[in-house]
Amino acid sequence: AQRVTQPEKLLSVFKGAPVELKCNYSYSGSPELFWYVQYSRQRLQLLLRHISRESIKGFTADLNKGETSFHLKKPFAQEEDSAMYYCALGSGGSNYKLTFGKGTLLTVNP
Amino acid sequence: EPEVTQTPSHQVTQMGQEVILRCVPISNHLYFYWYRQILGQKVEFLVSFYNNEISEKSEIFDDQFSVERPDGSNFTLKIRSTKLEDSAMYFCASGRELAYNEQFFGPGTRLTVL
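The text that follows walks through the structure, step by step, so that each part is easy to find. (Residues numbered from 1 in each chain as written. Chains lettered and ligands numbered in written order. Predicted model: local features only at pLDDT ≥ 70, side-chain atom pairs only at ≥ 80, totals over all residues. Heavy atoms only, no water.)

1. With respect to the pattern of salt bridges
All names here are of chain A. The line we're drawing: Criterion for a salt bridge: a side-chain nitrogen of Lys or Arg within 4 Å of a carboxyl oxygen of Asp or Glu. Exposure classes here rest on a 1.4 Å probe applied to the protein chains alone. A residue is buried below 20% of its type maximum, exposed above 50%, and partly exposed in between.
This structure, assessed with the given rule, holds eight salt bridges over all chains. In this structure, the salt-bridge partner of Glu 20 is Lys 22, at a minimum N-O distance of 3.1 Å. The class of Lys 22 is partly exposed, set by a relative accessible area of 29%. In this structure, Glu 54 and Arg 49 form a salt bridge, with 4.0 Å as the shortest nitrogen-oxygen distance. Assessed through its relative accessible area of 15%, Arg 49 is described here as buried. Overlapping salt bridges, with partners in common, bring together Glu 20, Lys 22 and Lys 73 in one network.

2. Let's talk about the state of the cysteines
All names here are of chain A. Rules: Pairs of cysteine sulfur atoms within 2.5 Å are what we label disulfides. Helix and strand definitions here come from DSSP, where helices need a minimum of 4 consecutive H or I residues and strands a minimum of 2 consecutive E residues; each element is numbered from the N-terminal end.
By the definition in use, this model includes two disulfides over all chains. The partner cysteine of Cys 23 in its disulfide is Cys 87, sulfur to sulfur 2.0 Å. What sets the handedness of the Cys 23 and Cys 87 disulfide is the S-S torsion sign, and at about -65° it is left-handed. Of this pair, Cys 23 sits in the loop between β3 (19-21) and β4 (24-26) while Cys 87 sits in strand β9 (residues 83-90), placing them 64 residues apart in sequence. In this pair, the class of Cys 23 matches that of Cys 87, namely buried.

3. Some words on the pairing of strand β9 (residues 88-95) of chain B
All names here are of chain B. Short version of the rule: For two strands to count as paired, DSSP must find a minimum of two bridges between them.
Of all eight residues making up β9, eight are buried, and the element is well covered by its neighbours. As paired elements, strand β4 (residues 31-37) and β9 share seven bridges and run antiparallel to each other. Across the sheet, residue Phe 32 finds its bridge partner in β9, namely Ser 94. Judged from the two bridges that link them, β9 and strand β10 (residues 104-105) form a sheet pairing that is antiparallel. Paired with Ala 93 across the strands is Phe 105, a residue of β10.

4. With respect to the packing of aromatic side chains
Two measures describe an aromatic ring pair: the distance that separates the ring centres and the angle between the ring planes. Operational definition: A pair of aromatic rings is counted whenever rings of Phe, Tyr or Trp (Trp by its six-membered ring) have centres within 6.5 Å, and the orientation is called stacked for planes under 30 degrees apart, edge-to-face for over 60 and tilted otherwise.
Under the criterion given, the structure shown has 16 aromatic pairs over all chains. With a centroid separation of 5.5 Å and 40° between ring planes, the pair formed by Phe 32 of chain B and Phe 75 of chain B is classed as tilted. A residue pair is termed long-range when its members are at least 10 positions apart, and Phe 32 of chain B in strand β4 and Phe 75 of chain B in strand β8 (residues 75-79) qualify at 43 residues. A relative accessible area of 4% means that Phe 32 of chain B is categorised as buried. Ring centres of Phe 49 of chain B and Phe 75 of chain B lie 5.3 Å apart, and the angle between their planes is 45°; this geometry places the pair in the tilted category. With Phe 49 of chain B in strand β5 (residues 43-50) and Phe 75 of chain B in strand β8, the pair connects residues that are 26 residues apart, well separated along the chain. Using a relative accessible area of 6% as the deciding quantity, one classes Phe 49 of chain B as buried. Relative accessible area serves as the criterion here: at 0%, Phe 75 of chain B is assigned to the buried category. Through a chain of ring-to-ring contacts, the aromatic side chains of Phe 34, Tyr 36, Tyr 86 and Phe 100 of chain A together with Tyr 33, Tyr 35, Phe 45, Phe 91 and Phe 105 of chain B assemble into a single cluster.

Fair warning: the whole summary comes from geometry, so function is off the table for now.
Here it is as structure tokens:
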């Protein structure tokens, strides 16, 4: 069975501080990991995916298969980063459902 | 930029009534999904749909649920006899291709069962 764990329900930091949102997964196959973000009153949208190895809005995430983690990091948080962040695991194969974590609400204080 | 749309944004219904939630996926997408999020809980997969048939469904997606793509644009989720525990936010998503590509989510329909 596949599972995604985001241990922090809430995370509060000050503007300019580093931020790390934790994500751990459990999956027997080759994992495909994503971070989705939901800003206030907006829809879920993809922030980044591990396969692309990209940095979006200053955020990066590295897949660590040994620790089964995909933590999201940003060196200097901005107020506009305040949002709900969901880590998601793609199942692969012909169905490709996403399994989401419970989400972490990030608040960046001025 | 094209977006997934969902109607209605909020649906209130009595227990035991049938509801149909509607979605218009992005036009050149081939894969369609329904997810739901009960208040305070995680987003959960319900069903995936491709080539006019269900690809996979979760344990939640029992006989009370059905999906349909009645024409070339709409993608609907029907709940035949709603229960109180069906109250949730229902998200439709679509994707152009499998794997390594994103699913585009609609804004959601909040279903309240009284």
